[in-house]
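# Observations on chain architecture
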Amino acid sequence: MNILVITGSPHKKGTSSLLADNFIAGALEAGHEVFRFDTIFQVTQPCLACNYCRKNNHKCIQEDDMELIWDKLIAADMVVFVTPVYYFGMSAQLKKVIDRFFAINDILRSKPKKAVLLATCGDNEAWAMEPLVAHYKAICKYLHWEDAGQVLAIGVYDRAAIEATQYPEQARTLGKHIH
Ligand SMILES: Cc1cc2nc3c(=O)[nH]c(=O)nc-3n(C[C@H](O)[C@H](O)[C@H](O)COP(=O)(O)O)c2cc1C
């Protein structure tokens with residue numbers, strides 16, 4: 001399986017990147033191919049809503065680091081969204097990349113894919129994740145993608161906190177068992 005992992009935290013060694021590391025380790029162990037796109041290391045602009053893509057065969061007018069993933073996004077069998085919860089949703093870093101999917105909406109909606117959500121938050125109550133999960137499910141429904149699993153790590157404000165939990169292992173197990 002071709003897997004595209006998109007991470008949305010500014011912390012190179014943060015909680016959500018630990019989930020990404022573990023998921024990827026499990027997926028590689030199981031023989032999958034993984035391409036990781038860390039938004040923090042790439043320059044991506046928000047969608048301009050210029051509709052250039054509508055008139056120019058799905059080509060986005062902005063030439064930035066989205067160029068690194070257009071083909072991978074189209075070819076991927078699975079897309080993994082990795083994010084810390086910021087104000088009850090995904091981080092802006094991840095959201096702006098997803099907004100850019102707009103240029104190739106029709107292509108993405110025409111090929112079945114699987115999706116995974118790996119998310120972390122500081123609050124210790126499950127409801128803190130609910131708006132993010134609802135958003136993720138709406139994205140999957142719109143794109144006709146199948147949710148293949150979620151790791152929702154609550155009560156993990158920082159790296160030390162998540163390292164003391166089973167969440168990294170859950171992410172590894174999920175990566176290992178996707179099909
Ligand atoms: C701007 C900002 C907004 C946040 N909003 C929330 C929130 O709404 N709910 C929550 O539980 N934690 C919130 N947090 C805490 C982070 O989700 C938490 O520290 C997470 O583990 C950070 O992940 P990272 O290390 O991968 O960046 C917020 C943190 C920041 C910096």
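Below or above, wherever it landed, is the structure these notes cover. The structure displayed is predicted, hence computed values, not measured ones.

### Section: the side chain of T39
- Along the chain, the position of T39 falls in the loop between β2 (33–38) and α2 (52–55).
- If we ignore the near neighbours within four places in the chain, the residues touching T39 are I6, T7, G8, S9, Q93 and V97.

### A closer look at the packing of aromatic side chains
- One pass over the structure, following the stated rule, counts five aromatic pairs.
- For the ring pair F81 and F101, a centre distance of 6.4 Å and an interplane angle of 35° mean the geometry is tilted. Of the two residues, F81 is situated in strand β3 (residues 78–84) and F101 in the loop between α4 (92–100) and α5 (105–110); the sequence distance between them amounts to 20 residues.
- Look at F81 and you get buried, because its relative accessible area is 3%.
- By relative accessible area, F101 is classed as buried at 2%.

### Some details on the site of the ligand
- Around the ligand, the structure places 16 residues, and the nearest of them are S9, S16, V85, D123 and V156.
- In the environment of the ligand, an oxygen atom lies 2.5 Å from a nitrogen or oxygen atom belonging to the side chain of S9.
- One nitrogen or oxygen atom from the main chain of D123 is found 2.7 Å from an oxygen atom belonging to the ligand.
- Look at the ligand: alone it shows 640 Å² of surface, and the protein chains cover 80% of it.
- In terms of residue class, the shell around the ligand is built from eight nonpolar, seven polar and one charged.

### Concerning the pattern of salt bridges
- Here the structure, examined in full by the defined rule, presents nine salt bridges.
- The partner of E163 in a salt bridge is R159, and the shortest N-O contact between them spans 3.0 Å. On the criterion of helical spacing, the pair formed by E163 and R159 is a turn pair, its members being four residues apart in helix α7 (residues 159–163).
- Its relative accessible area of 24% is what places R159 among the partly exposed residues.
- Here the residues in one salt-bridge network are D21, R36 and D38, joined through shared partners.

### Side note on the environment of R109
- Here R109 shows up in helix α5.
- R109 gets classed as partly exposed once you look at its relative accessible area, which sits at 31%.
- In this structure the C-alpha to C-alpha distance between R109 and H144, which are 35 residues apart in sequence, comes to 5.8 Å.
- Polar side-chain contacts of R109 include one of 2.7 Å to the backbone oxygen of Y142.

Rules used in this analysis
Residues numbered from 1 in each chain as written. Predicted model: local features only at pLDDT ≥ 70, side-chain atom pairs only at ≥ 80, totals over all residues. Heavy atoms only, no water. Helix = DSSP H or I, 4+ residues; strand = E, 2+ residues; numbered from the N terminus. Contact = heavy atoms within 4.5 Å. Phe/Tyr/Trp six-rings, centres within 6.5 Å; stacked < 30°, edge-to-face > 60°. Buried < 20%, exposed > 50% of the residue type's maximum accessible area, 1.4 Å probe, protein only. Near = heavy atom within 4 Å. Polar contact = N/O pair within 3.5 Å; in protein donor to acceptor, adjacent residues only side chain to side chain. Areas by Shrake-Rupley, 256 points an atom, 1.4 Å probe, with all protein chains shown as cover. Nonpolar A, V, L, I, M, F, W, Y, C, P; charged D, E, K, R; others polar. Salt bridge = Lys/Arg side-chain N within 4 Å of Asp/Glu carboxyl O.

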